[in-house]
Amino acid sequence: GAEGIGYDINPGLLILARLRALRAGVSRRVKLRRGDIFKIKIPKADVVALYLYERVNEELLPRLCAALPKGTRVVTRVFPIPSLLPKATQIYNEETHYLYEL
């Protein structure tokens, strides 16, 4: 029953994401939009998932903290947020995933 909103600045990656959502049977529950993460209005969320380089995660952190309520969970794939201590880490398919709480 979860719903998601995904943003990417690259239209080619959005097409790929839409195809993957369709293939997974979740396209009705996922909205995929083109946008610059530093310019969009960050929507309210219980969980935010990021797949960005460390430097970009760190640069984005103040925007996330300002837009999201305390306690919002942030999951990053491969690249940590250097200034935050993760609540948990997990290796999945040889990639490290980090869980943070704002």
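Everything below is about the structure shown above.
This section reports on the structure supplied with the text. Because the structure is predicted, anything quoted here is derived from the model rather than measured.

What follows is about the side chain of Thr72. Considering the arrangement of structural elements, one finds Thr72 in the loop between helix 2 (54–67) and strand 4 (73–77). Within the local environment of Thr72, its side chain forms a polar contact with the backbone oxygen of Pro69, the two atoms lying 2.7 Å apart. Each residue touching Thr72, except ones within four places of it in the same chain, is listed here: Ala45, Asp46, Val48, Tyr100, Glu101 and Leu102.

The sheet contact formed by strand 1 (residues 4–8) and strand 2 (residues 30–34) spans 5 bridges and is parallel. Residue pairing in the sheet places Gly6 in a bridge with Leu32 of strand 2. The parallel pair strand 1 and strand 2 is bridged by helix 1 (residues 11–24), and the resulting crossover is right-handed.

Okay, the side chain of Asn57 next. With respect to the helices, strands and loops of the structure, Asn57 is situated in helix 2. A distance of 3.3 Å separates the side chain of Asn57 from the backbone oxygen of Leu52, its partner in a polar contact. Beyond its immediate stretch of four places on either side in the chain, Asn57 contacts Leu50, Leu52, Thr76, Phe79, Pro80 and Ile81.

Here helix 2 is 14 residues long and its end C-alpha atoms lie 20 Å apart, about the 20 Å a rise of 1.5 Å per residue gives. If you look at helix 2, its biggest bend is around 35°, right at Leu60, and the proline Pro62 turns up within four residues after that. Within helix 2, the full set of buried residues consists of Val56, Asn57, Leu60, Leu61 and Leu64. In this fold, the buried residues of helix 2 make contact with strand 3 (47–50) and strand 4.

The next point concerns the sheet that holds strand 6 (residues 95–101). Ordered in space as 3-4-6-5, the 4 strands form an open sheet in which the pairing is mixed. Two strands bound the open sheet, and with one partner strand each, they are strand 3 and strand 5 (88–92). The sheet shows a mean angle of 20° between the axes of neighbouring strands, taken without regard to direction. Pairing of strand 3 with strand 4 involves 4 bridges; the strand directions are parallel. Across the sheet, the residue bridging to Ala49 is Val75, located in strand 4.

The rules behind the values
Residues numbered from 1 in each chain as written. Predicted model: local features only at pLDDT ≥ 70, side-chain atom pairs only at ≥ 80, totals over all residues. Heavy atoms only, no water. Helix = DSSP H or I, 4+ residues; strand = E, 2+ residues; numbered from the N terminus. Polar contact = N/O pair within 3.5 Å; in protein donor to acceptor, adjacent residues only side chain to side chain. Contact = heavy atoms within 4.5 Å. Pairing = 2+ DSSP bridges. Right-handed = clockwise from strand over helix to strand, strands pointing away. Expected span 1.5 Å × (residues − 1). Bend = angle between axes of the 7 residues up to and from the residue. Buried < 20%, exposed > 50% of the residue type's maximum accessible area, 1.4 Å probe, protein only. Axes fitted to C-alpha atoms, helices over the stretch in contact; angles between N-to-C directions.

Keep in mind these numbers describe shape, not what the thing actually does.
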